[in-house]
Amino acid sequence: MPELNPLHPSLQQALSPWRTSPRWTVAFSGGLDSTVLLDLLRTCRDRDNPGTTLRVLHVNHGLQESADDWQRHGEALCADRGLDFSAHRVRVATGEASPERAARRARYAVFERELGEGEPLFLAHHLDDQVETFFLRLLRGSGLRGLAAMPARRPLGRGELVRPLLEFPRGQLEAYARSRDLHWVEDPTNAAVDADRNYLRHQVLPRLAARWPAYRSSVGGASRRLDQAGALLEQLLPPLDRLRSVMGDEGLALSDLLPADSGPLQLQRWLKALGLPAPDSRQQEEFLRQLRRGDASSGQRLDCGSYVLRRYRQGVYRVPAPVAGEASSGELLAPGKTLTLPDGTRLSLVSATGQGLRLAPGEHLQLSYRTGGERCQPAGREGSRSLKKLLQDQAVPPWWRNRIPLLSLQGELLAVADLCLCQSSRLAESAGPGEGLWRPRWERI
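Since the model is a prediction, treat every value here as computed from it, not as a measurement.

So, how was this worked out
- Residues numbered from 1 in each chain as written.
- Predicted model: local features only at pLDDT ≥ 70, side-chain atom pairs only at ≥ 80, totals over all residues.
- Heavy atoms only, no water.
- Salt bridge = Lys/Arg side-chain N within 4 Å of Asp/Glu carboxyl O.
- Helix = DSSP H or I, 4+ residues; strand = E, 2+ residues; numbered from the N terminus.
- Buried < 20%, exposed > 50% of the residue type's maximum accessible area, 1.4 Å probe, protein only.
- Contact = heavy atoms within 4.5 Å.
- Polar contact = N/O pair within 3.5 Å; in protein donor to acceptor, adjacent residues only side chain to side chain.
- Core = buried A, V, L, I, M, F, W, Y, C linked by side-chain atoms within 4.5 Å.
- Phe/Tyr/Trp six-rings, centres within 6.5 Å; stacked < 30°, edge-to-face > 60°.
- Lys NZ or Arg CZ within 6 Å of the ring centre and 35° of its normal.

**Student:** Account for the pattern of salt bridges, with residues named and values stated.
**Tutor:** Under the counting rule described, the total for this entry stands at 26 salt bridges. With a shortest N-O distance of 3.7 Å, D48 and R19 are connected by a salt bridge. Placement of the pair is D48 in helix α2 (residues 32–48) and R19 in the loop between α1 (9–15) and β1 (23–27), with a sequence separation of 29 residues. Classification of R19 as partly exposed rests on a relative accessible area of 24%. With its nearest N and O atoms 2.9 Å apart, the salt bridge here joins R216 to D128.

Structure (C-alpha cells):
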C-alpha cells in the first residue's frame with residue numbers, strides 16, 4: 001500500500017463528495033490520529049478547496065486532569081494555522097458502568113448538534129480502530145451488519161460523518177506525523193488494559209500480528225465484504241414501514257420487528273438509516289423477544305446508551321434525549337419572547353388569525369407542567385376532561401406527557417402548548433381594542 005499522503009487515491013476518493021462543501025468540520029482531540037487528519041485536510045483544502053472553511057471541533061470531557069491542557073493545545077495549534085477552533089465542554093455521567101460509552105454519547109451529541117445541513121464531519125478512525133471494533137463486536141455476538149464495523153460514511157444529525165482514514169494502519173499515521181514534524185498529546189488512559197479496547201490493542205492483537213502480519217488488511221477486507229453482503233440482503237427485505245408520532249418522533253411499525261427471521265435485520269436497517277449505532281446483540285434479542293410476547297400496554301423499552309427505543313401502541317420509536325435539568329415552572333411568556341426549555345424545545349407566542357388568546361399590552365402567560373389533576377375543556381368541544389385523558393386521546397406518547405408546557409393567566413389554564421386551546425375567558429375569534437390575538441408555538445423536533 002502506498003504511504004499516506006494528501007494525494008493518496010483512497011484519501012482523494014473519500015474527500016471527492018465534499019469538494020464544493022462550504023465548510024469542513026474535523027473532530028479534534030489533540031492526539032496523533034486527529035492531528036494527522038487535520039494536517040491532511042488542511043493541505044487538501046488549501047490546494048483544492050481554498051474557499052472552504054475548515055473548522056476544528058474539540059470536545060472537552062473533563063475526565064482527565066490534563067483535559068484543559070489538551071484544549072489549550074488545540075487552541076494554540078489552530079491559532080498558529082489560522083483555523084477556526086470551537087471547544088465544547090460536556091458533562092459525562094461518571095457513575096455509568098462504561099465511562100467510555102458515556103463520554104462517546106456526550107461527544108456525539110455535540111457533533112450532531114453542531115453539524116449544519118449537508119455538512120461533513122471528519123473523524124480520524126483508522127484501520128487499527130476498525131480491526132479492534134470488529135473483534136469487540138465479534139466477542140459481543142454481533143450479526144452481519146455489526147461485524148461490518150465502522151462505515152466510512154453515515155448520516156449524523158443534519159450532516160454526515162466521514163472517516164477518510166479507515167484504510168490506513170496506525171503505523172502509517174505515525175510515519176506521516178514524523179515526516180511533517182507534527183506534535184500531539186498522549187492520553188495516558190490509552191495504556192490502561194482494564195478497558196476492553198485497550199486490552200485487545202495491547203495484549204491480544206500484537207500476538208495476532210506476530211503470527212499473521214497482514215491480519216489488519218484481512219480483517220478490514222472481511223468487514224467491507226460483510227458490509228456489501230448486508231447491503232445486498234437489505235435489497236431483498238420489504239420496505240420499512242416508518243412512522244412518526246404526533247410529536248414528531250421517528251418510529252417503525254411493530255409489524256416490521258415481530259418476525260423472528262427478519263426482525264433483527266429490519267431493526268438494524270432502520271437504525272442505520274437514522275445514523276444510530278446498533279445496540280448490543282443480546283440486548284437487541286431480548287427487546288425483540290419482549291415485543292413478540294408483550295402487548296401494547298407493556299411499554300417495552302431498550303436503552304442503547306446514546307438513544308432509547310420504546311414501544312407505543314403499534315410502533316417502536318426513538319425517544320428524545322433525557323431532559324438536562326428540571327422543568328422550570330413559573331417563567332413568564334409574552335408576545336415577542338421565546339423561552340428555551342430545559343429539554344431544548346422552544347416556546348413562543350405568534351400572531352393568530354381566527355381563534356386565539358386575547359392579551360392586553362404587558363400581559364404575560366405563566367408556564368407550568370403537569371403535576372396531576374389538571375383539566376381542560378378543548379375549544380369547541382363539550383365538557384372538560386383530565387389532561388391525562390386529553391393527551392391519551394391525542395396519541396401523545398407517554399415520554400412527552402410531563403414535558404408539555406402549559407400556559408395560564410391568573411390561575412386559568414389557557415393552552416396545552418400548541419396541541420390544544422382551552423375554553424377560557426381569553427379564547428376569542430378576534431382581539432378587543434388595544435389587544436392582540438396570539439397562539440402558542442412549540443418547536444420540538
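**Student:** Before we move on, could you go through the environment of R242 and cite the residues and values that matter?
**Tutor:** Within the fold, R242 resides in strand β7 (residues 242–244). Exposure remark for R242: the relative accessible area of 40% places this residue in the partly exposed category. Considered as a pair, R242 and L254 are twelve residues apart in the sequence and their alpha carbons are 9.8 Å apart. Beyond its immediate chain neighbours, meaning those up to four positions away, R242 contacts E250, G251, L252, W270, A273 and L274.

**Student:** Lay out the environment of R375 in plain terms, naming residues and giving numbers.
**Tutor:** You can see R375 is positioned in strand β17 (residues 375–376). As a C-alpha pair, R375 and G141 span 234 residues in sequence and 50 Å in three-dimensional space. Polar contacts involving the side chain of R375 include one to the main-chain carbonyl oxygen of S384, which spans 3.2 Å.

**Student:** If you had to explain the nonpolar core to someone new, which residues and values would you point to?
**Tutor:** Ranked by internal contacts, the top residues of the largest apolar core, which has 37 residues, are L365, V416 and W442. Looking at which element gives the most residues to this core, the answer is strand β20 (residues 412–416), with four residues. By size, the runner-up hydrophobic cluster in this structure holds 28 residues, among which are W24, C44, C78 and L165.

**Student:** Describe the packing of aromatic side chains, naming the residues involved and giving the relevant values.
**Tutor:** For the structure shown, the criterion picks out six aromatic pairs. Between F134 and F135 the ring centres are 5.5 Å apart and the planes differ by 85 degrees, which places this aromatic pair in the edge-to-face class. For F134, a relative accessible area of 12% puts it in the buried group. By relative accessible area, F135 is classed as buried at 18%. Taking the centre distance of 5.7 Å and the plane angle of 90 degrees together, the rings of W400 and W442 count as edge-to-face. Of this pair, W400 sits in helix α13 (residues 398–401) while W442 is found in strand β23 (residues 436–443), placing the two residues 42 residues apart along the sequence. The structure contains a cluster of three or more aromatic residues connected by ring pairs, namely Y312, Y317 and W399. R211 extends its terminal NZ or CZ atom over the ring of W212, reaching a point 5.6 Å from the ring centre. One residue, R403, lies across the ring of W400, its end atom 4.7 Å from the ring centre.

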